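Spelled out from the first residue to the last, the chains are:
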Amino acid sequence: MSHVWPYLPARAVNITSLVEFDRLAAEALVSHHAHGKGWRVHRVDLRERDTVLKSLDLSEALFIDCQFSGQGQQIVQATGGLCMSSGAQLPFETGARGLYTAEELYSGIWTQTYQQVPDAKIYAYSQQHAAANADSDHSALARTLHDHHIGQALVSQVYEGTFKDTPIIGVMGGHAMNRGTTQYAQALELGRMITRAGYAVATGGGPGAMEAANAGAWLADYGADDIATALQMLAEAPDAIHQRTGWARTALMVKERFPSHRQSLGVPTWFYGHEPPNLFATQIAKFFTNSIREAILLEQSNGGLVVLPGAAGTVQEIFQDACENYYATGARVVPMVLIGKDYWSRDLPAWPLLQALAKERVMEQKIALVDTAEEALAFIQSMETLRRRTRPAKED
């Protein structure tokens, strides 16, 4: 049995010949959605396929060691795809190490494109070796060792390091929230409010709502005019998928203009490697295995969970945490707040199911559905006040 299947993205489609590419491209073009969702194209000669590439949405596609015409790579990148070389050497450490920084993952971004920075090279390597089953035991072991040491480093930061004396609030939400939108500004303000209230922000470490919350933590000490300027700067490159290089450089420009000592946590994954990690999280625990990443992110959110609108991944996080709260007792139940009454009641009705699950359990009093960041933070603070009042004397 293969040891590498957990590292493949959900619904990954591995294409290793031009015949396979042509067949799948033809199917995509006659469907309602002409996209290459989940495509991993390995060592295929695409020099005669510029017209087809222009016709497809390749925003989640990865082309590894492929051949292109003079314009082919630009065509793929313009629609959001990634063109990479897998490389011969292991591009990540397997020994004990600390957490990543954005500067480490994006080293060279000022002079190179995103496809050439360490984060992208690690993603390309992981996908090439997983899909081709090349050197599977060695490659899988290397990734397992990497994730083990990143997990150890994260726990060390939470219990002994940066976040030792600071309760952590996890902020969950979708990656598709673009800069320049009202929703992005609201998510940024949420992260700012959480940080100013004495908590630390933890997110899934990606773009969209996750970046906004980490950016709010970074900008926590700045006033309204500076926040407006930062938002305007970020809006120059709003789309993390189609503008990866400019998106990253713009974030670095904001950080340079508005320096900060504030700390926040990002926990992204190369499982969704087409989503680049955001640059505002100061401590980054990036994993290969998404299940480990999901579990450890929720586990470390000891101060509560705030959930912004999102899609399947966000819903998974809601009920993964709800499962823990369902079986937990007393102070082990962590408060959860969903922001967006209409969204979570009608558009994606997770709230009625969450209510039904929580009925007559300890968690029933620790879930809430609100419309604003202010209400969300107030609810979590009220739960903290209640916990302190009812805490047994022996805990003091």
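Residues numbered from 1 in each chain as written. Predicted model: local features only at pLDDT ≥ 70, side-chain atom pairs only at ≥ 80, totals over all residues. Heavy atoms only, no water.

The protein goes by Rossmann-fold nucleotide-binding protein in an unreviewed UniProt entry, where it is assigned to Glutamicibacter mysorens.

What is the right way to look at the sheet that holds strand 3 (residues 62-64) in this model?
Strands in a sheet are paired, the pairing made by backbone hydrogen bonds, and the direction either parallel or antiparallel. Sheet architecture is open: four strands sit in the order 1-2-3-4, paired in parallel fashion. Because the sheet does not close on itself, it has two edges, and the strands there are strand 1 (13-15) and strand 4 (82-84). The sheet shows a mean angle of 15 degrees between the axes of neighbouring strands, taken without regard to direction. The pairing of strand 3 with strand 4 spans three bridges and is parallel. When the sheet's bridge partners are listed, Leu62 is paired in strand 4 with Leu82. Against the sheet, helix 1 (residues 18-30) makes contact with strand 1, strand 2 (39-42) and strand 3, and its axis sits at roughly 135 degrees relative to strand 1, the strand it touches most. (Pairing = 2+ DSSP bridges. Helix = DSSP H or I, 4+ residues; strand = E, 2+ residues; numbered from the N terminus. Axes fitted to C-alpha atoms, helices over the stretch in contact; angles between N-to-C directions. Contact = heavy atoms within 4.5 Å.)

Where do I start with the pairing of strand 11 (residues 367-370) in this structure?
Every regular strand shows the same layout, with side chains that alternate between the two sheet faces. Neither face of strand 11 is left uncovered, since the one carrying Ile367 and Leu369 and the one carrying Ala368 and Val370 both have all their residues buried. Pairing geometry for strand 10 (residues 336-339) and strand 11, over four bridges, is parallel. Counterpart to Met336 in the pairing with strand 11 is Ile367. (Buried < 20%, exposed > 50% of the residue type's maximum accessible area, 1.4 Å probe, protein only.)

Help me understand the sheet that holds strand 9 (residues 304-307) in this model?
If you trace the seven strands from one edge of the open sheet to the other, you get 8-7-6-5-9-10-11, paired in parallel fashion. Whereas interior strands pair on both sides, the edge strands pair on one side only; in this sheet they are strand 8 (283-284) and strand 11. Of the strand pairs in this sheet, strand 5 (residues 168-172) and strand 6 (residues 200-203) are connected by three bridges, and their pairing is parallel. Looking across to strand 6, one finds that Ile169 is bridged to Val201. Against the sheet, helix 8 (residues 209-218) makes contact with strand 5, strand 6 and strand 7 (265-266), and its axis sits at roughly 160 degrees relative to strand 6, the strand it touches most.

Sorry if this is basic, but what is going on with unusual backbone geometry here?
What is expected of a backbone is that most residues other than glycine have negative phi and most peptide bonds are trans. Phi at Arg43 is positive, roughly 55 degrees, even though this residue is not glycine. Among the structural elements, Arg43 can be located in the loop between strand 2 and helix 2 (50-55). Residue classification places Arg43 among the exposed positions, given a relative accessible area of 53%. One non-glycine residue, Glu360, lies in the positive phi region at around 65 degrees. Judged by relative accessible area, which is 71%, Glu360 ranks as exposed.

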